[in-house]
Amino acid sequence: MTTMAPPAEQADALRRAGLRVTAQRVAVLESLAAHPHAAVDALHADVLERIPGIALQTVHGVVNDLTAAGIAQRVSLPGAPSALYEIAARDNHHHIQCVECGRVEDVPCAVGEAPCLQPSHGHGMRVIEATVTFRAICSDCERNSPA
Ligand SMILES: [Zn+2]
Ligand SMILES: [Zn+2]
Ligand SMILES: [Zn+2]
């Protein structure tokens, strides 16, 4: 779960990860905190409101830096047209996604640490993580669907 944090907190997160604090990085982190599970396009549109003229390529670069530093993480969702990102959390949470409108929400993991599921047959491989996505229909889509 993410909430809007004051800019000082974004700067701290950058310093802790060994990244130089720049206006672009702080702005992208703010956007990630306000819009979890966002594509780079959406983050760019949001950051543009605070840093006029910032290039999409710059936001791509910042997202890559934040992901490499472990501050942001990529969310793997089946059928997502582009990669989605969120502030990295150590809570091993999962996602529930509306198959109609694509809305994505966080779901706490019942176990809390990875891997929270073990395969019945692991083929000799050590399981690192189970990525669980609940495919669902949100109440808005349910209401609007023809009966
Ligand atoms: Zn929906
Ligand atoms: Zn999430
Ligand atoms: Zn779990």
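Everything numeric in this text was worked out from a predicted model, so none of it was measured.

S.K.: Sorry, what's going on with the overall build of the protein here?
M.R.: Across its full length, the protein holds five helices and six strands. Helices and strands appear in the protein in the N-to-C order α-α-β-α-α-β-β-β-β-β-α. With the principal axes as the frame, the protein shows a C-alpha extent of 45 × 45 × 25 Å. A total of 147 residues make up the protein; the buried ones form 36% of that total. Once local pairs closer than 6 in sequence are excluded, the contacts in the protein between residues at least 24 apart make up 45%. Carbon and sulfur atoms make up 53% of the accessible area of the protein, which amounts to about 9,100 Å² in all. One way to put it: in the protein the 11 positive side-chain charges average out to a point 6 Å from where the 16 negative ones average out.

S.K.: Just checking my understanding: could you explain the coordination of the zinc ion (ligand 2) for this structure?
M.R.: Ideal values differ by geometry: the angle at a metal is 109.5 degrees with four tetrahedral donors, but 90 or 180 degrees with six octahedral donors. Only His37 (NE2), Glu86 (OE), His93 (NE2), His95 (NE2) and Asp106 (OD) from the protein reach the zinc ion (ligand 2) as donors, at distances of 1.9 to 2.2 Å. Counting the intervening residues between successive donors of the zinc ion (ligand 2) yields the motif H-x48-E-x6-H-x1-H-x10-D. Relative accessible area serves as the criterion here: at 3%, Glu86 is assigned to the buried category. Exposure remark for His93: the relative accessible area of 11% places this residue in the buried category.

S.K.: Would you mind showing me how to read the sheet that holds strand β6 (residues 133-136) here?
M.R.: One key point about sheets: their strands pair by backbone hydrogen bonds, in either a parallel or an antiparallel sense. With mixed pairing, three strands are arranged side by side in an open sheet as β5-β4-β6. Two strands bound the open sheet, and with one partner strand each, they are β5 (104-107) and β6. Ignoring which end each strand starts from, the neighbouring axes of this sheet average 25 degrees apart. The pairing of strand β4 (residues 94-98) with β5 spans four bridges and is classified as antiparallel. In the strand pairing of β5, Ile96 is matched with Glu105.

Rules used throughout
Residues numbered from 1 in each chain as written. Chains lettered and ligands numbered in written order. Predicted model: local features only at pLDDT ≥ 70, side-chain atom pairs only at ≥ 80, totals over all residues. Heavy atoms only, no water. Helix = DSSP H or I, 4+ residues; strand = E, 2+ residues; numbered from the N terminus. Buried < 20%, exposed > 50% of the residue type's maximum accessible area, 1.4 Å probe, protein only. Contact = heavy atoms within 4.5 Å. Areas by Shrake-Rupley, 256 points an atom, 1.4 Å probe, with all protein chains shown as cover. Lys, Arg positive; Asp, Glu negative; His and termini not counted. Charge placed at Lys NZ, Arg CZ, Asp CG, Glu CD. Donors = N, O, S within 2.8 Å, 3.2 Å for Na, K, Ca; no water. Pairing = 2+ DSSP bridges. Axes fitted to C-alpha atoms, helices over the stretch in contact; angles between N-to-C directions.

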